[in-house]
Amino acid sequence: MADYTFNEQVVCEIARSFGPDDDFVFSSTSNCGLVGGVLAKELYAPRLHLSMGAKGKSAFLNNVRYPFIVGAPPERFIETLMNMEEIYNIAGRGKWCILMQPVQVDKFGYMNLSLAGDMKKPSAVFVGSRGVPDNTVNAPRIMYFVPGHAARVFVDKVDFISGLGYGKERKEGTIKWGAPTKIITNLCVMDFEDGTGRVRLKSIHTGITLEQVKENTGFDLVHASPVPETAAPSDEELHMIREVIDPVGISRLDFLRGEDYKRVLSEIMRGTTYQSLYSKK
Amino acid sequence: MKIDKRVGIEESIKGLKDGSSILIGGWGPFRKPMEIVRSIARSSVKDLTVLSFAGMDLDLLVGAGKVKTAIFGFVSFEGAPGGPGNFKRARQEGTVEVKELSEYMFITQFKAAAERLPFYPTRSGTGTDILTINPEIKTVKDPYSGETLVAVPAFTPDYAIIHVNESDQLGNARISGDPYLDGLFVRAADKVIMSAERIMPVGNIQESSILSCWIDMVVEAPKGAYPGGCYPDYGITEKEFKRYGDAAKDPDSFKKYLNEVVKGG
């Protein structure tokens, strides 16, 4: 038995995606992304800016100890507030890096956030492509987070192209920025093969088998044999996650549904709101 | 002569015609002019083109049968309970014409309109199905480098409708939280209707978020963004969002909701 959990492994993989030269804004739509971003800023990428909503605006956060469970982040974590319009300025100039959760990804990294089925008569409707067409032509780099790795997510061809993967736009050089570089799931880490731009299985999380990954992927995966195991969290990373950044384990929530989610959320919320944490200090 | 742009809520929308285009300010469940949206739902106008970073605003108008075309950067309750059931059903059944754009493409059509330019060049949309479902959006060649860019056509809405924290009778207004894109929206539209939580004396609003020269009508509407939030005056009323989301799942239950909540029983 490993002495760490797979959500901790996921958080560390996100954090290690950043380095000392990364002077841009990181935003995410998940708890793992939030914890991973804070961990990156603490250990690997001090110039990274973390963005999150606060006080009716967006905010850069700093010195985050304990991520947000309930309510707005406390004042002392807010570095500065900004308007939504500034986010488009940041994105346009190539300084907005977002960890997105796609509905579908195909074997060349094209992603869908819009709908399922026929474009004219969809069988399911999601939020829309949103900033994906903007981010996949502008961002310093793009990463995808798939907490439920399944064959219906990793498909041969997406039903709607919301965001660019590695196709003719990049091969012809018409689009230079915003390329996806990494996909992190509950089973594995994927990147993209040089030259072909095909999704490649990079590593498999501790305790997961290659068969499990293949069964849950709807296209043939490029991979080395044997496939490496995703790196284990270091003692320093585990200390930061467990003792400093996320002692209640909000990164667990991304992988839970229904009753399990409600149970863990209520465990976390009991006594761990900001008010209860900081009013006594 | 003293100018006073204040009008009643019914008066404010009486210029709307069948087929009018309305651009709605705010973001998802935040600072939407819901009181005005509900009055449009009660009115007799139809076949509207609604443009929005949409939440309940677009969904309610779709559910009330007012929308012919929906143009949006997203349709989402952004973490508030419930969801846009009417819009989803309409998109699935093809009963509303849908022009999905990226968030930035949505913005650029108003940037172009606000500067009276025919289009706005961007890389956003390149290679995506946004261009497949919006075949009227063309590309343009950069005369300097030869690069092909997406040319998002200008859109000048007949009306922009926004909600703010405070306004004076001239329409100088203060937004306390994120102004989102409201400052752009009011410059892009032909006419602007603005509701405000509070009306302040002229001269009181010196650090304005919106200048009076963009505003045609001012409507006093306390809790005008309800059940959405209007920072810092009030947050989202989650219970009401849940009730809405449940009602919007089904056309019959939504009809009941409209009769009870929007049309006032």
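So, here's what we can say about the structure.

1. What to know about the sheet that holds strand S5 (residues 119–122) of chain B
All names here are of chain B. Taken in spatial order, the three strands make up an open sheet running S5-S7-S6, and their pairing is antiparallel. Of all strands in the sheet, those bounded by a partner on one side alone are S5 and strand S6 (138–141). Taken over all neighbouring pairs, the strand axes of this sheet differ in orientation by 40° on average, direction set aside. Where S5 meets strand S7 (residues 148–153), four bridges bridge the pair, whose relative direction is antiparallel. Looking across to S7, one finds that Pro121 is bridged to Ala151. Sitting on the sheet, helix H5 (residues 103–114) touches S5 and S7, and the angle it makes with S5 is about 140°.

2. Digging into the interface of chain A and chain B
Taken together, the contact between chain A and chain B spans 30 residues of the former and 35 residues of the latter. If you list the elements that add at least two residues to the side of chain A that touches chain B, you get strand S3 (57–61), helix H3 (84–92), strand S9 (122–125) and helix H4 (132–138) of chain A. A per-element tally of the side of chain A that touches chain B places H4(A) first, with four residues. Partitioning the side of chain A that touches chain B into residue classes produces 13 nonpolar, ten polar and seven charged.

3. A short note on the nonpolar core
Nonpolar side chains tend to gather and get buried jointly when the protein is soluble and globular. The biggest cluster of nonpolar side chains holds 155 residues, and the ones touching the most others in it are B:Leu61, B:Ala160, B:Phe185 and B:Met194. The element contributing the most residues to this core is H5(B), with seven residues. There are two domains that each give this core at least three residues, and those are domain 1 (1–98 + 231–281) and domain 2 (101–229) of chain A. Discounting chain neighbours no more than four positions away, the residues touching B:Leu61 are B:Val37, B:Ile40, B:Ala41, B:Leu48, B:Val50, B:Lys66 and B:Val67.

4. Things to note about the packing of helix H1 (residues 6–15) of chain A against helix H2 (residues 31–43) of chain A
Residues and elements named next belong to chain A. At a minimum axis distance of 8 Å, the contact between H1 and H2 shows a crossing angle of 55°. Comparing their axes, H2 and H1 come out oblique. Where H1 crosses over H2, the two elements pack in a sense that is right-handed. Counted together, Asn7, Val10, Val11, Ile14 and Ala15 of H1 and Cys32, Gly33, Val35, Gly36, Leu39, Ala40 and Leu43 of H2 form the full contact between these two elements. Its residues assigned to classes, the contact of H1 with H2 shows nine nonpolar, three polar and no charged.

Criteria and thresholds
- Residues numbered from 1 in each chain as written.
- Chains lettered and ligands numbered in written order.
- Predicted model: local features only at pLDDT ≥ 70, side-chain atom pairs only at ≥ 80, totals over all residues.
- Pairing = 2+ DSSP bridges.
- Helix = DSSP H or I, 4+ residues; strand = E, 2+ residues; numbered from the N terminus.
- Axes fitted to C-alpha atoms, helices over the stretch in contact; angles between N-to-C directions.
- Contact = placed C-beta atoms within 7 Å.
- Nonpolar A, V, L, I, M, F, W, Y, C, P; charged D, E, K, R; others polar.
- Core = buried A, V, L, I, M, F, W, Y, C linked by C-beta atoms within 7 Å.
- Buried ≥ 20, exposed ≤ 12 C-beta atoms within 10 Å, placed from the backbone.
- Domains from an automatic or database assignment.
- Parallel < 35°, antiparallel > 145°, perpendicular 65-115°, else oblique.
- Left-handed = near helix turned anticlockwise from the far one by under 90°.

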